[in-house]
Amino acid sequence: MKTNHKHYICNAAKMAAVTDGSVNLVVTSPPYPMIDMWDEIFSHQDRKIEKALRKSDGSLAFELMHQVLDRIWEEVFRVLSPGGFACINIGDATRTLGDNFALYPNHARILNATQALGFTALPCILWRKQTNAPNKFMGSGMLPAGAYVTLEHEYILILRKGGKREFTSPATKENRRQSALFWEERNQWFSDIWMDLKGTRQAMGKQKKRNRSGAFPFELAYRLINMYSVKGDLVLDPFLGTGTTTLAAMAAGRNSTGYEIDPSLLENFCDKCRDSLGHFSSVIQHRIDLHNEFVQGRLAAGKPIKYENAHYGFPVVTRQEKELVLNIPVSAEQQGDENMVVHYSIPSRETANTATAAQNAPVVPEICGAKSKTDGLLFPDFDPAS
Ligand SMILES: C[S@@+](CC[C@H](N)C(=O)[O-])C[C@H]1O[C@@H](n2cnc3c(N)ncnc32)[C@H](O)[C@@H]1O
C-alpha cells in the first residue's frame, strides 16, 4: 500500500487543485475569530476587520472574520464527496473591547453557516481542555455578581455532506472492514466528551511570525481520521498550520492534501514527515499492545471474547473487528517540493499476537474503553508541532 500527500501554500478560499467531490474527509481547525493572536491574519484577508477592532466594534469584527471563514466552508462543501464528513475543531472566544467583556460564540456561527450551505450537523464532541492556571477565573472573584465561568472546552463539530456514505462493491466493503476500529477504541473515541487529550505545546521557533502555532494534538487528528474515513481515502485540511492532519493521515494510511497561507509553518515539512515515520511504527505497534492489554483484562474479569482476528490471531469482541489490519508506514519519498509518497507494511502475526505481548503486559482492570498505563492515549508524548 502507498499513500500520497500534497500541500499548497496559498489561501484556501480557492482550492483550485482539488476537484469537486474528490475529498472523503476534512479535519481542520481554522484561526479562531476574536482570539487576538489571529487578528492580523484575518485583517490581511479583509481590511475592514482591523477598522472594526480599532473602533471596539466586537460584533462587526466577529461577523467579518466569520465571513472570511465562510468562503472556505463553501469550498469545503464543494470538494467533499457525498456522505463525506467535515470535522471542525473550534473554540469560542471571550474578549474585552472598550469596556465590554463578551463571549463570541464561534462554534454556533460556524454551525449556522455550514448548515445554510447544506451540511447536516451530527452530534459533536466537547474537547475538555482543563487548565490549572491560577488566573483561569475571570471577573470579580468571590464577590457576586460580576464573575464569569471559565472557558475550558472547545468543540469538534461533526458535519456530513448529504446522507450516509455507501460502500457497495465487494472491494470497498472489504476495505471498510479492514479499516475497522477495535471495540474498546470505539467506546472511548465515540464519546461526546474527550477529557483525555491535552493541548500541544504550540511553541514556535524565534524566526516565525507568531509565537504559537495553534496546533491541535496529533491524537485528535488521528482519532477523527480513523473514525470518519477508510484506508486510501483523501483527507483535506484547508488550514494546515504545522501539518498535523497530514502526519496523522500518513500514520492512518490515508492520502491527504492541505492548504496553508503562512509559508513559514511548512518549511522543511518533508524532513519532518520522514523523521516522524519511526515514531508512527512504534505507536501503531502500541495500538496493538493496548488491545492485547484490554483482552487480558477482559479475560481476567471472566468475560469471554468470542471472535478471532483473521490476520493477527488475537481475540476481538465483535465480528466487525475480524478483518481489521493496521498498516505501518515504513518509508517516505519526496516528489517535488510539495508531494510525499509513503509506503507501508503490515505487522506480522508473530509480533502482534497476544501470546507474547499480553503476557508481558500488566493486567488492567478497566474493561470497557482502551485504558492503559498511558491513559489509553496512543501518542502520549508525540508533539509534531515542536
Ligand atoms: C488554528 S491554525 C491550524 C493549526 C493546525 N491544525 C496544526 O495542527 O498545526 C489555523 C491556520 O490557518 C492558517 N490560515 C488562516 N487563514 C487561511 C486561509 N485563508 N487559507 C489557508 N490557511 C489559512 C493560519 O496561518 C494557521 O496556520
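Residues numbered from 1 in each chain as written. Predicted model: local features only at pLDDT ≥ 70, side-chain atom pairs only at ≥ 80, totals over all residues.

**Student:** Where do I start with the overall build of the protein in this structure?
**Tutor:** Summing up its helical and strand segments, the protein has 11 helices and 16 strands in all. Relative to a compact globule of 386 residues, whose C-alpha radius of gyration would be 21 Å, the protein shows 22 Å and is just as compact. On the principal axes, the C-alpha backbone points of the protein span a range of 65 × 55 × 45 Å. Across the 386 residues of the protein, 41% fall into the buried class. Partitioning the intrachain contacts of the protein with sequence separation of at least 6 by distance along the chain shows that 70% fall at a separation of at least 24. (Helix = DSSP H or I, 4+ residues; strand = E, 2+ residues; numbered from the N terminus. Rg over C-alpha atoms; globule rule 2.2 N^0.38 Å. Buried ≥ 20, exposed ≤ 12 C-beta atoms within 10 Å, placed from the backbone. Contact = placed C-beta atoms within 7 Å.)

**Student:** Explain the nonpolar core to me, please; I cannot follow it from the model alone.
**Tutor:** One recurring pattern in soluble globular proteins: nonpolar side chains tend to sit buried together. Judged by nonpolar contacts, the single largest core of 85 residues is most densely connected at Cys 87 and Ile 225. Residues within four places of Cys 87 in sequence aside, it is in contact with Val 26, Val 27, Ile 156, Ile 158, Leu 224 and Tyr 228. (Core = buried A, V, L, I, M, F, W, Y, C linked by C-beta atoms within 7 Å.)

**Student:** Help me out: how do you make sense of the domain arrangement of the protein in this one?
**Tutor:** Where interface size is quoted, it is often the accessible area lost as the parts come together. Taken domain by domain, the protein holds domain 1 (2-270) and domain 2 (275-360). In this complex, domain 1 contributes 19 residues to the contact, which on the side of domain 2 involves 23 residues. By residue number, the principal contributor to the side of domain 1 that touches domain 2 is strand β1 (residues 2-8), which donates seven residues. Grouping the constituent residues of the side of domain 1 that touches domain 2 by class yields eight nonpolar, six polar and five charged. (Domains from an automatic or database assignment. Nonpolar A, V, L, I, M, F, W, Y, C, P; charged D, E, K, R; others polar.)

**Student:** What is the right way to read helix α2 (residues 47-54) from this model?
**Tutor:** Residues spaced three or four apart along an α-helix face the same direction, because each turn holds 3.6 residues. Listed as buried for α2 are Ile 49, Ala 52 and Leu 53. Seen end-on, α2 carries its buried residues on one side only, within an arc spanning 100 degrees. Along α2, the residues that are exposed and aim more than 90 degrees away from the buried face are Arg 47, Lys 48 and Arg 54. Buried-residue contacts for α2 involve α1 (39-45) and α3 (58-79). A positive phi of about 55 degrees marks Ser 56, the residue just after α2. (Arc of directions from axis to C-beta.)

**Student:** Got a minute to help me understand helix α8 (residues 244-252) in this structure?
**Tutor:** With nine of nine residues buried, α8 lies mostly within the body of the structure. Here α8 has its buried residues at Thr 244, Thr 245, Thr 246, Leu 247, Ala 248, Ala 249, Met 250, Ala 251 and Ala 252.

**Student:** So what exactly am I meant to see when it comes to the pairing of strand β11 (residues 234-237) here?
**Tutor:** Consecutive side chains along a regular strand alternate between the two faces of the sheet. Judged by which residues are buried, β11 turns out to be covered on both faces: Leu 234 and Leu 236 on one side and Val 235 and Asp 237 on the other are all buried. As paired strands, strand β2 (residues 23-28) and β11 are joined by two bridges and run parallel to one another. Looking at the pairing, Val 26 lines up with Leu 236 of β11. Two strands pair when backbone bridges link them, and β11 and strand β12 (residues 255-259) are joined in this way by four bridges, in the parallel orientation. In the strand pairing of β12, Leu 236 is matched with Thr 257. (Pairing = 2+ DSSP bridges.)

**Student:** I keep staring at the site of the ligand and nothing clicks. Help me out?
**Tutor:** Gly 214, Ala 215, Phe 239, Gly 241 and Thr 244 are the nearest of the 23 residues found near the ligand. The residue inventory of the shell around the ligand, partitioned by class, reads 13 nonpolar, eight polar and two charged. (Near = placed C-beta within 6 Å.)

**Student:** For this particular structure, what's the right way to read the confidence of the model for the protein?
**Tutor:** Interpretation of this model should avoid reading the predicted coordinates in detail wherever pLDDT is low. On average, residues of the protein score 91 in pLDDT, and 90% of them are at 70 or above. With pLDDT under 50 throughout, residues 354-368 is counted as low confidence; its partners more than four residues away or in other chains account for 33 contacts. (pLDDT = per-residue confidence, 0-100.)

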